[in-house]
Amino acid sequence: MPAEETDVSPAYLYRPATAADLPAAHALSVHLEWPHREEDWAMVQRISEGFVAEQDGVLAGIAFACHQGAYSSIGLVIVSHEHRSKGIGRRLMNLCLDAVGPRTPILNATESGAPLYASMGFVEFARIQQYQGVPQMPEPLPASRHALCRVVSRVDYPKVIELANAGSGLDRTGVLNDLLPTAEHVVGIEVEGHLQGCAMLREFGRGHLIGPVVAHHPEQARQLITHLLQLIPGAFVRFDIPSACGLADWLENLGLPCVDNAPRMVRGIPPQSSAGVTEFALVTQAIG
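Residues numbered from 1 in each chain as written. Predicted model: local features only at pLDDT ≥ 70, side-chain atom pairs only at ≥ 80, totals over all residues. Heavy atoms only, no water.

Caption draft 1: Spatial organisation of unusual backbone geometry. Pro212 follows Gly211 through a cis peptide bond whose omega is 5°. Checked against the element boundaries, Pro212 lands in strand β10 (residues 207-215). Notably, Asp56 is not glycine yet its phi reads approximately 55°, a positive angle. As for its placement among the helices and strands, Asp56 is situated in the loop between β2 (49-55) and β3 (58-68). Positive phi outside glycine occurs at Glu192, with the angle close to 50°. (Helix = DSSP H or I, 4+ residues; strand = E, 2+ residues; numbered from the N terminus.)

Caption draft 2: Summary view of the pattern of salt bridges. Considering all chains together, one arrives at 12 salt bridges under this definition. Here Asp21 makes a salt bridge to Arg15, at a shortest N to O gap of 2.6 Å. Classification of Asp21 as buried rests on a relative accessible area of 8%. Measuring nitrogen to oxygen at the nearest pair gives 3.2 Å for the salt bridge that ties Arg127 to Glu124. Note on Glu124: relative accessible area 45%, which makes it partly exposed. One salt-bridge network, in which partners are shared between bridges, spans Arg15, Asp21 and Glu54. (Salt bridge = Lys/Arg side-chain N within 4 Å of Asp/Glu carboxyl O. Buried < 20%, exposed > 50% of the residue type's maximum accessible area, 1.4 Å probe, protein only.)

Below you can see the structure in the form of structure tokens.
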């Protein structure tokens, strides 16, 4: 997310984002070498409230606020190179913050964008690490008669959402109701007949993304991820993980380099996990 300063030019029009803005937003992100497909932009637009800046009908910047219960995740804040240093990023951020209302705003920044967000009252509370590449196939974990890794069905969706909410501290209902029906694969860890964790695999960016991943402990998370990786041997995969979740060394041992280490920021009290569930991978970096 780029930092912006100085006064806003009166020549810019600010308005709500619509699906019609997505081709231009995608083209802008391609120009800035973001990996997102237009379908990835469309997912965020469907579940979020967005705003654009345009000049003479040409998109200059865009940003989204994804409302998730008591929190709103601000993301996909992007301003074209030729329109930077004109206050557009700050104005788009303020529009998102106005839309957040009584909710607590959170975001995953870049190092270059963090000073702008700090000036707007955000503070760092965690780090998000991005791992990506073509992984080596992990060794299968020992089978357990107490823990079964199985495919998740539609009747499990309410429990999947419950687990995702507990792990993230956010209300994932709207996000997962959009993603679950079209995901490539969703698997869960069942212990004594009860789901204790789940993980989703879907197309994203340059290949696939695994996330969210939520579970009671790292061994369950590794088992879920191993199951999904076995379904896509030789494929490019991305993970966005909390740096403190305990998976970093394991992912590196699979041959996946850490390509980004981003500050996670909040203006207020950070979200907290509950019910013994931990979030091991995000839905996306844009919406947490």
